[in-house]
Amino acid sequence: MKIINSERLHIMDNQSSVWSLIRDIATTNNQEDAFYVCDIGDIVRKHKIWKAKLPRVEPHYAVKCNDSLTVLEVLTALGTCFDCASKAEINKVLSLGVTPDRIIFANPAKPASHIRHASAVGVTTMTFDNEVELHKVKKLYPDAKMVIRIRCDAVDAQCQLGNKFGCDPITEAPELLRIARSLGIDVIGVSFHVGSGCREPPVFRRAIAAARDVFDYAESLGYDFSLLDIGGGYPGGRGTSIDKIADIINSALADFFPEPSVHVIAEPGRFYVSSAYTLACNIHSIRNVIGNDPSTGIHSTHRMYYINDGVYGSFNCILYDHQVIVPQPLKQYPGAKYHSSSIWGPTCDGLDQVVENIMLPEMKVGDWLVFEDMGAYTLPVASPFNGFPVPKVHVVADENIWILLKDIVNFSDDHFEMIAKPTMNQDDFDGSNCLQSFPLRIEIPHGNG
Ligand code: PLP
């Protein structure tokens with residue numbers, strides 16, 4: 001039995017919501033630091049959706065998307081597997097008691113030391129898309145089970161990946177498989193990634209059909225492929241759904257991979273964490289610029305709001321993840337006039353702009369802006385540039401979610417428990433008094449999900 005040490009979990013009563021919690025935290029004890037609220041219940045709900053919509057596809061959560069221990073612990077308890085891109089990610093997941101067979105090392109271009117490490121810790125399944133990688137694997141990890149990554153790009157995606165990874169399934173994959181065969185490397189299947197934040201669901205059918213052709217070609221070489229990895233691409237923000245993608249995947253699997261012997265996995269990242277994280281930022285400075293509105297030519301005042309997180313912190317997702325940012329004032333401003341406004345991060349860099357132009361009510365120093373859907377590709381990349389700290393995360397769940405979580409994973413009480421601790425002091429939750437606070441402790445039997 002391995003006890004996983006964790007962050008504190010705050011249990012919400014049924015009068016509370018993420019927004020009411022944000023209000024509580026923001027109005028307590030001269031709070032001015034930016035902070036996140038992470039709702040574990042949202043991650044659990046996502047897992048339920050995945051299981052219901054894609055029953056044949058085993059999720060391997062893409063750790064790169066948000067490698068917070070809380071996320072990894074909850075997903076471990078739910079029984080998901082993991083997609084790791086590096087030695088450090090592998091170690092982080094293994095440290096939670098996850099067994100190496102629940103990890104795919106899904107980076108087609110791996111440093112030699114990382115391949116050696118995978119071999120040392122027994123992570124056997126790895127991807128490749130080029131000949132050089134095959135020679136490295138032959139030398140460093142000849143027993144590895146390799147998965148060939150093919151390219152099939154969505155016409156429209158938030159972040160394209162095909163420019164960097166994936167061999168052409170027709171012009172390159174056959175040659176790579178012949179080379180693998182001649183090197184005696186055990187290739188066990190095909191993977192692809194259609195692009196992160198896929199906005200063209202039918203691409204999954206094209207990609208699955210292309211994978212079928214690669215399976216068939218491999219068979220002609222004497223391989224017996226057993227793994228299909230349909231990668232990432234699943235949206236996860238509020239107002240998005242995987243229904244259409246799931247329908248297309250399920251029917252393509254039935255058409256191209258009817259044989260149940262083919263194990264189908266995926267590498268969702270964004271889907272699991274995007275909507276679980278909500279960020280609150282404080283307005284610490286305001287600059288009013290008087291001039292002519294460029295669109296109307298009318299004399300007006302443009303308001304520049306400076307907040308305490310920016311593109312060097314959480315909003316790096318604007319630059320690296322092409323995220324569209326939607327600010328929402330925490331307070332209501334009844335009857336207020338709306339003005340042309342921009343939102344800026346705290347650093348001294350002109351690049352540090354969060355929103356270029358938006359109509360907002362007139363706000364004051366000390367007011368708060370809330371940003372939903374901030375769980376994907378934000379925290380792992382954020383830096384404290386200029387001395388502005390990366391926001392702290394408050395982890396919350398309601399009691400029902402805990403009961404649900406226990407039901408889903410069917411853990412007995414001694415495997416998974418939440419321990420109440422009679423604490424209710426300032427440190428626990430910045431003085432908020434609508435909550436009870438518990439240390440989160442998840443116990444997971446070694447070798448079990
Ligand atoms: N798998 C791999 C190999 C990736 O590179 C990524 C994202 O870059 C993911 C999975 C996660 O995909 P998504 O962001 O669409 O959830």
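Every value quoted in this text rests on a predicted model; they were computed, and no experiment measured them.

Asker: Would you mind showing me how to read the overall build of the protein chain here?
Answerer: The helix and strand tally for the protein chain stands at 13 helices and 22 strands. If you take every contact in the protein chain between residues at least 6 apart in sequence, the share linking residues at least 24 apart comes to 74%.

Asker: How should helix α1 (residues 18–26) be read in this particular structure?
Answerer: Every α-helical turn comprises 3.6 residues, leaving residues that sit three or four positions apart pointing alike. Inspection of α1 places V18, L21, I22, I25 and A26 among the buried residues, and these make up the whole buried set. Summarising the axial view, the buried residues of α1 lie within an arc of 130°, below the 170-degree limit, and thus occupy one face.

Asker: Quick question: what am I supposed to make of the sheet that holds strand β6 (residues 103–105) here?
Answerer: Two modes of strand pairing occur in sheets, parallel and antiparallel, and in both the strands are linked by backbone hydrogen bonds. The strand order β4-β5-β6-β7-β8-β10-β12-β13 describes a closed barrel built from eight strands, whose pairing is parallel. On average, adjacent strands in this sheet sit at an angle of 30° to one another, irrespective of strand direction. Direction of pairing for strand β12 (residues 227–229) relative to strand β13 (residues 263–266): parallel, over a ladder of three bridges. From the neighbouring strand, D229 faces β13, where its bridge partner is I265.

Asker: Where do I start with the site of the ligand in this structure?
Answerer: Neighbouring the ligand are 16 residues, the closest being A62, S196, G232, E267 and G269. Tallied by class, residues from the shell around the ligand come to seven nonpolar, six polar and three charged.

Asker: Even after reading the chapter, I still don't get the domain arrangement of the protein chain, so can you show me in this structure?
Answerer: By convention, interface size is frequently given as the accessible area that disappears when the constituent parts associate. One can read the domain layout of the protein chain as domain 1 (2–38 + 275–393) and domain 2 (41–274). Look at where the C-alpha atoms of domain 1 and domain 2 centre, and you get two points 34 Å apart. Of the residues lining the interface, 18 residues belong to domain 1; the matching set on domain 2 comes to 21 residues. Among the residues forming the side of domain 1 that touches domain 2, the class breakdown is nine nonpolar, four polar and five charged.

Asker: For this particular structure, what's the right way to read the nonpolar core?
Answerer: Soluble globular proteins tend to bury their nonpolar side chains together. Ranked by size, the top nonpolar core spans 117 residues in total, and within it I103, M146, I148, I150 and A211 carry the most contacts. No other element matches helix α8 (residues 203–220), which puts nine residues into this core. Among the domains, domain 1 (2–38 + 275–393) and domain 2 (41–274) are the pair contributing at least three residues each to this core. Those residues in contact with I150 that sit more than four places away from it in its chain are G166, C167, P169, A173, V190, F192, A210, A211 and V214.

Asker: Would you take a moment to explain helix α2 (residues 40–53) for this structure?
Answerer: For α2, built from 14 residues, the straight-helix expectation of 20 Å at 1.5 Å per residue is met to within 8% by its first-to-last C-alpha distance of 20 Å. Restricting attention to buried positions, one finds in α2 the residues I40, G41, D42, I43, V44, K46, H47 and W50.

Asker: What exactly am I supposed to notice about the packing of helix α5 (residues 112–121) against helix α6 (residues 131–140) here?
Answerer: In a packed pair of helices, the relevant descriptors are the angle between the two axes and the axis-to-axis distance. Packing of α5 against α6 leaves a shortest axis separation of 10 Å and a crossing angle of 45°. As far as their axial angle goes, α6 and α5 are oblique. Once α5 is placed against α6, the crossing between them reads as right-handed. Between α5, through A112, I115, R116 and S119, and α6, the contact on the second element is made entirely by K136, V137 and L140. Among the residues forming the contact of α5 with α6, the class breakdown is four nonpolar, one polar and two charged.

Asker: Sorry if this is basic, but what is going on with unusual backbone geometry here?
Answerer: Where the residue is not glycine, phi is negative for most of them; where a peptide bond is considered, it is trans in most cases. A positive phi is found at D373, a non-glycine position, where the angle reads about 60°. Mapped onto the elements, D373 comes out in the loop between β19 (368–371) and β20 (392–398).

Asker: How do you make sense of the pairing of strand β14 (residues 277–292) when you look at a structure like this?
Answerer: Regular strands show a simple pattern: their side chains alternate between the two faces of the sheet. Direction of pairing for strand β3 (residues 35–39) relative to β14: antiparallel, over a ladder of four bridges. Across the sheet, residue F35 finds its bridge partner in β14, namely A280. With four bridges connecting them, β14 and β19 associate as antiparallel partners. Across the sheet, residue L279 finds its bridge partner in β19, namely F371. Bridging between β14 and strand β15 (residues 299–307) involves nine bridges; their strand directions are antiparallel. Within β15, the position partnered with N292 by the bridge is H299.

Asker: Just to check I follow, could you spell out the environment of N107 for this structure?
Answerer: Inspection of the secondary structure puts N107 in the loop between β6 and α5. In the structure, N107 is positioned 20 residues away from T127 in sequence and 6.0 Å away in space, judged by C-alpha atoms. If we skip the residues at most four places from it in the chain, N107 touches A85, S86 and T127.

Asker: Could you clarify how one ought to interpret the packing of α2 against helix α3 (residues 69–78) in this entry?
Answerer: Remark: α2 packs on α3, axes separated minimally by 11 Å, with the N-to-C direction vectors making an angle of 40°. Seen along the crossing, α2 lies across α3 with a hand that is right-handed. Counting all contacts with α2, which are made through I40, I43, V44 and H47, the residues of α3 involved are V71, V74 and L78. Here the residues of the contact of α2 with α3 sort into six nonpolar, one polar and no charged.

Asker: Which parts of the structure should I look at to understand the environment of I90?
Answerer: Within the secondary structure layout, I90 lies in helix α4 (residues 87–94). A count of 22 C-beta atoms within 10 Å places I90 in the buried class. Along the chain, I90 and P100 lie ten residues apart, while their C-alpha atoms are 8.5 Å from each other. Apart from the residues within four sequence positions on either side, I90 is in contact with C84, I103, F105, H117, A118, V121 and V123.

Each value, and the rule that gives it
Residues numbered from 1 in each chain as written. Predicted model: local features only at pLDDT ≥ 70, side-chain atom pairs only at ≥ 80, totals over all residues. Helix = DSSP H or I, 4+ residues; strand = E, 2+ residues; numbered from the N terminus. Contact = placed C-beta atoms within 7 Å. Buried ≥ 20, exposed ≤ 12 C-beta atoms within 10 Å, placed from the backbone. Arc of directions from axis to C-beta. Pairing = 2+ DSSP bridges. Axes fitted to C-alpha atoms, helices over the stretch in contact; angles between N-to-C directions. Near = placed C-beta within 6 Å. Nonpolar A, V, L, I, M, F, W, Y, C, P; charged D, E, K, R; others polar. Domains from an automatic or database assignment. Core = buried A, V, L, I, M, F, W, Y, C linked by C-beta atoms within 7 Å. Expected span 1.5 Å × (residues − 1). Parallel < 35°, antiparallel > 145°, perpendicular 65-115°, else oblique. Left-handed = near helix turned anticlockwise from the far one by under 90°.

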